[in-house]
Amino acid sequence: DPVVREHVADALGGIGPAAKTAIPALIDALHDTEPRVQMAAATALGRMGTVARVALPALKALQSQLVGDASWADKEALKKAVWAISGSEQDQGR
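Residues numbered from 1 in each chain as written. Predicted model: local features only at pLDDT ≥ 70, side-chain atom pairs only at ≥ 80, totals over all residues. Heavy atoms only, no water.

Draft legend 1. Region of interest: the environment of Thr33. Position of Thr33 among the secondary structure elements: in the loop between helix H2 (23-29) and helix H3 (35-48). Along the chain, Thr33 and Pro2 lie 31 residues apart, while their C-alpha atoms are 8.8 Å from each other. (Helix = DSSP H or I, 4+ residues; strand = E, 2+ residues; numbered from the N terminus.)

Draft legend 2. Examining the packing of H3 against helix H5 (residues 72-86) more closely. Across the interface, H3 lies against H5 with an axial gap of 8 Å and an inter-helix angle of 25°. In terms of axis orientation, H3 runs roughly parallel to H5. H3 and H5 meet at a crossing whose hand is left-handed. Here Met39, Ala42, Thr43, Leu45 and Gly46 of H3 come into contact with H5, specifically with Asp74, Ala77, Leu78, Ala81, Ala84 and Ile85. Each residue belonging to the contact of H3 with H5 can be placed in one class, and the counts come to eight nonpolar, two polar and one charged. (Axes fitted to C-alpha atoms, helices over the stretch in contact; angles between N-to-C directions. Parallel < 35°, antiparallel > 145°, perpendicular 65-115°, else oblique. Left-handed = near helix turned anticlockwise from the far one by under 90°. Contact = heavy atoms within 4.5 Å. Nonpolar A, V, L, I, M, F, W, Y, C, P; charged D, E, K, R; others polar.)

Draft legend 3. Examining helix H1 (residues 2-15) more closely. The end-to-end C-alpha distance of H1 is 20 Å, a good match for the 20 Å that 14 residues give at a rise of 1.5 Å each. Turning to H1, its buried residues are Glu6, Ala9, Leu12 and Gly13. When H1 is viewed along its axis, its buried side chains cluster within an angular range of 125° and face the same direction. Exposed positions of H1 whose direction lies more than 90 degrees from the buried face are Gly14 and Ile15. Where the residues of H1 are buried, they touch H2 and H3. The N-terminus of H1 is capped by Asp1, whose side-chain oxygen sits 3.1 Å from the backbone nitrogen of Val3. (Expected span 1.5 Å × (residues − 1). Buried < 20%, exposed > 50% of the residue type's maximum accessible area, 1.4 Å probe, protein only. Arc of directions from axis to C-beta. Polar contact = N/O pair within 3.5 Å; in protein donor to acceptor, adjacent residues only side chain to side chain.)

Draft legend 4. Spatial organisation of the pattern of salt bridges. Inspection of the entire model under this criterion finds three salt bridges. Put simply, Asp32 and Arg5 hold a salt bridge, and the shortest N to O gap is 2.7 Å. With a gap of 27 residues between them, Asp32 in the loop between H2 and H3 and Arg5 in helix H1 connect regions that are remote in the sequence. A relative accessible area of 14% means that Asp32 is categorised as buried. You can call Arg5 partly exposed: its relative accessible area is 33%. Residue Glu76 is joined to Lys79 by a salt bridge in which the shortest nitrogen-to-oxygen separation is 3.6 Å. Here the residue Glu76 and the residue Lys79 both occupy positions in helix H5, the gap between them amounting to three residues, near one helical turn. (Salt bridge = Lys/Arg side-chain N within 4 Å of Asp/Glu carboxyl O.)

Draft legend 5. Up close: the nonpolar core. Within the largest apolar cluster, 28 residues are counted, with the highest numbers of intra-cluster contacts made by Leu26, Leu30, Leu45, Met48, Leu59 and Leu78. Elements with a minimum of two residues in this core: H1, H2, H3, helix H4 (56-65) and H5. Sort the elements by how many residues they give to this core and H3 lands first, with eight residues. For Leu30, the residues in contact, after removing those within four places along its chain, are Gln38, Ala41, Ala42, Leu45, Ala58, Leu59 and Leu62. (Core = buried A, V, L, I, M, F, W, Y, C linked by side-chain atoms within 4.5 Å.)

These figures come from the coordinates and say nothing about function on their own.
Right, here's the structure in full:
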């Protein structure tokens, strides 16, 4: 159920870096068929900060896929997640 997956990602993001064991599952969620689940996973990874560095390639790949298809809010959410993890505007995929 996409609503459940979205809420789980939101909850993990709320826990932050202490939920680092969930990073592989959140990376998998970036490939979910539901955009809202993808964005919730991206946001959760961003909230984990630098401990989620392993997620950067998947986040950047999602950014590339969403070039014309996503809303401005989704694109900004991905940029913020990449920045929160990498700490660099250059890594935001502009």
